[in-house]
Amino acid sequence: MTRSNDVLLVHGGTPLEGEINVRGAKNLVPKAMVAALLGSAPSRLRNVPDIRDVRVVRGLLQLHGVTVRPGDESGELVMDPTHVESANVADIDAHAGSSRIPILFCGPLLHRLGHAFIPGLGGCDIGGRPIDFHFDVLRQFGATIEKRADGQYLEAPHRLRGTKIRLPYPSVGSTEQVLLTAVLAEGVTELSNAAVEPEIEDLICVLQKMGAIISMDTDRTIRITGVDKLGGYNHRALPDRLEAASWASAALATEGSVYVRGARQREMMTFLNTFRKVGGAFDIGDEGIRFWHPGGKLNAIALETDVHPGFQTDWQQPLVVALTQASGLSIVHETVYESRLGFTSALNQMGAHIQLYRECLGGSACRFGQRNFLHSAVVSGPTRLQGSDLVIPDLRGGFSYLIAALAAQGTSRVHGIDLINRGYENFMHKLVELGAKVELPNGGEAI
Ligand SMILES: CC(=O)N[C@H]1[C@@H](OP(=O)(O)OP(=O)(O)OC[C@H]2O[C@@H](n3ccc(=O)[nH]c3=O)[C@H](O)[C@@H]2O)O[C@H](CO)[C@@H](O)[C@@H]1O
Ligand SMILES: C=C(OP(=O)(O)O)C(=O)O
């Protein structure tokens with residue numbers, strides 16, 4: 001059941017037009033905040049968005065004795081980890097909420113306190129999302145892990161030791177786990193098959209500013225030489241390329257034009273190539289990127305999600321909505337999460353034609369082929385979308401439903417919009433700025 005102020009009425013059929021601003025990346029900022037725990041002096045993080053994942057981590061840091069206060073400029077946080085202390089397990093559990101970030105507290109807390117507690121994790125329900133790689137690497141560093149009913153209890157009776165690790169898959173979170181643990185471990189850590197997403201590079205920049213010694217090779221190998229002590233950092237978070245791409249897809253699907261201030265070419269090259277193949281237009285400036293529908297038909301494409309530098313999985317769901325407006329058959333092969341296409345059934349209810357398959361369609365065979373996961377889609381377009389009652393299933397799926405509702409004829413009731421606040425700062429305000437006709441039932445307050 002959703003609360004009444006958790007429902008948005010969307011009157012579709014109006015192109016999104018105008019300018020919005022994106023701030024620091026959801027997939028970097030909370031991790032840079034965790035990194036502050038490793039320092040012996042305060043850290044300053046700038047360009048911090050007001051999203052739920054940031055609030056969760058702020059609360060968890062405070063529970064562990066870190067003082068967190070706003071800095072002088074808007075979007076600046078100052079974190080002082082001088083007096084890190086153990087937190088009450090029940091408080092951690094109550095506070096961890098819907099985020100996946102608590103798992104990254106392991107290394108820093110083991111270094112600072114010799115023990116850590118990790119509650120059940122949140123995050124999007126788009127696959128099983130196991131954390132076996134995280135625990136395997138922590139054991140390799142010398143930690144012990146005990147699973148109890150309320151969560152995982154970790155201990156490091158001695159200083160953690162650098163080690164040689166090969167990840168079975170270039171997992172973003174596990175790579176960050178290694179980085180945040182290895183920087184203060186004794187000796188050298190060599191990580192192969194690492195994830196190299198731009199947010200990971202930015203986390204490495206943060207750690208280097210703190211005094212860490214980290215090198216990245218071109219073959220997914222990262223080497224970390226442990227140091228005895230780290231200081232604070234002063235860092236401006238890289239912009240959110242995932243949010244930027246969501247607004248780009250919204251501009252395309254609604255036949256509009258959106259200037260995304262803060263969007264950067266460097267982290268979005270793969271998205272930009274795909275956007276152009278579909279028929280979208282963009283203009284890259286020094287301060288941001290304008291995305292628009294240039295008129296005429298959109299093109300069907302074959303799309304495969306992958307780890308960086310491939311097509312980011314978090315770009316997939318919003319772009320699929322635009323593909324429902326392309327002429328012909330598009331193929332989408334989701335290779336990062338086994339269950340990230342379920343959101344398409346609601347698009348079909350709105351009039352889209354999307355068929356899901358268990359086989360690896362298009363490109364290459366992936367981990368999910370022959371394993372009963374509906375992880376490929378054929379999108380047949382263009383189809384006229386009609387307003388509908390929609391229940392948001394996950395973060396990007398939720399934004400995709402907003403796009404579909406904006407592109408549709410008639411009115412949609414979108415339930416569960418609060419979930420979008422986990423990763424999109426001020427999205428209601430931005431929609432209104434872009435001319436979207438949206439309202440909360442009974443004239444309620446935006447949440
Ligand atoms: C907060 C954050 O940054 N979230 C991002 C992060 O999620 P997250 O770090 O959770 O994603 P991972 O890269 O770790 O997961 C990728 C794949 O590896 C598998 N896996 C992962 C860990 C593990 O211990 N065992 C295992 O099997 C997962 O089930 C998934 O199939 O990277 C994803 C991939 O770019 C993005 O979609 C998420 O937005
Ligand atoms: C899957 C996502 O995030 P998380 O890992 O936080 O669930 C996402 O941002 O699309």
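Quick caveat, the model's predicted, so the values are computed rather than measured.

On to the site of ligand 2, then. If you check the shell around ligand 2, you find Lys26, Arg100, Gly123, Cys124, Ile126, Arg129, Asp314, Arg340, Leu395, Arg396 and Arg422 and nothing else. Here an oxygen atom of ligand 2 sits 2.9 Å away from a polar atom, N or O, in the side chain of arginine 340. Surface burial for ligand 2 is 92%, taken as the share of its 290 Å² of free accessible area covered by protein chains. Looking at which domains feed residues into the shell around ligand 2, each of domain 1 (4-22 + 239-443) and domain 2 (29-236) supplies at least three.

In this section: helix H12 (residues 395-407). Between the first and last C-alpha of H12 there are 19 Å, a value that for 13 residues agrees with the 18 Å anticipated at 1.5 Å per step. Across the 13 residues that make up H12, a large majority, 12, are buried. Those residues of H12 lying buried are Leu395, Arg396, Gly397, Gly398, Phe399, Ser400, Tyr401, Leu402, Ile403, Ala404, Ala405 and Leu406. In this structure aspartate 394 caps H12, since a side-chain oxygen of it lies 3.4 Å from the backbone nitrogen of arginine 396.

Moving on: the pairing of strand E14 (residues 257-261). Buried residues dominate E14, accounting for 4 of its 5 residues. Across 5 bridges, the pairing between strand E2 (residues 17-21) and E14 is parallel. Each residue of the ladder has a partner; that of glycine 18, found in E14, is valine 258.

Turning our attention to the packing of helix H2 (residues 52-63) against helix H3 (residues 89-96). Across the interface, H2 lies against H3 with an axial gap of 9 Å and an inter-helix angle of 170 degrees. Looking at the two axes, H2 sits roughly antiparallel to H3. Every residue of H3 that contacts H2 at Arg55, Val56, Gly59, Leu60 and Leu63 is listed here: Asp91, Ile92, His95 and Ala96.

In the numbering used here, UniProt assigns the "binding site: phosphoenolpyruvate" (unreviewed entry) feature to Lys26 and Asn27. Locating lysine 26 in the fold gives a position in the loop between E2 and helix H1 (29-35). Look past the residues within four positions of lysine 26 in its chain and what remains in contact with it is Ile51, Asp53, Asp240, Leu395, Arg396, Arg422 and Gly423. Its location among the elements puts asparagine 27 in the loop between E2 and H1. Residue classification places asparagine 27 among the buried residues on the basis of a relative accessible area of 16%. Residues in contact with asparagine 27, not counting those within four places in the same chain, are Glu176, Glu199, Leu242 and Asp314.

Our next topic: the nonpolar core. Grouped together as the largest cluster of nonpolar side chains are 148 residues, with contacts concentrated most on Leu207, Trp247, Phe271, Phe291 and Leu347. Ranked by the residues each element gives to this core, the list is headed by helix H8 (residues 241-253), at 9 residues. Counting the residues that make up this core, at least three belong to each of domain 1 (4-22 + 239-443) and domain 2 (29-236).

Reading guide: rules and limits
- Residues numbered from 1 in each chain as written.
- Chains lettered and ligands numbered in written order.
- Predicted model: local features only at pLDDT ≥ 70, side-chain atom pairs only at ≥ 80, totals over all residues.
- Heavy atoms only, no water.
- Near = heavy atom within 4 Å.
- Polar contact = N/O pair within 3.5 Å; in protein donor to acceptor, adjacent residues only side chain to side chain.
- Areas by Shrake-Rupley, 256 points an atom, 1.4 Å probe, with all protein chains shown as cover.
- Domains from an automatic or database assignment.
- Helix = DSSP H or I, 4+ residues; strand = E, 2+ residues; numbered from the N terminus.
- Expected span 1.5 Å × (residues − 1).
- Buried < 20%, exposed > 50% of the residue type's maximum accessible area, 1.4 Å probe, protein only.
- Pairing = 2+ DSSP bridges.
- Axes fitted to C-alpha atoms, helices over the stretch in contact; angles between N-to-C directions.
- Parallel < 35°, antiparallel > 145°, perpendicular 65-115°, else oblique.
- Contact = heavy atoms within 4.5 Å.
- UniProt positions renumbered as here; feature names shortened; annotations may be inferred.
- Core = buried A, V, L, I, M, F, W, Y, C linked by side-chain atoms within 4.5 Å.

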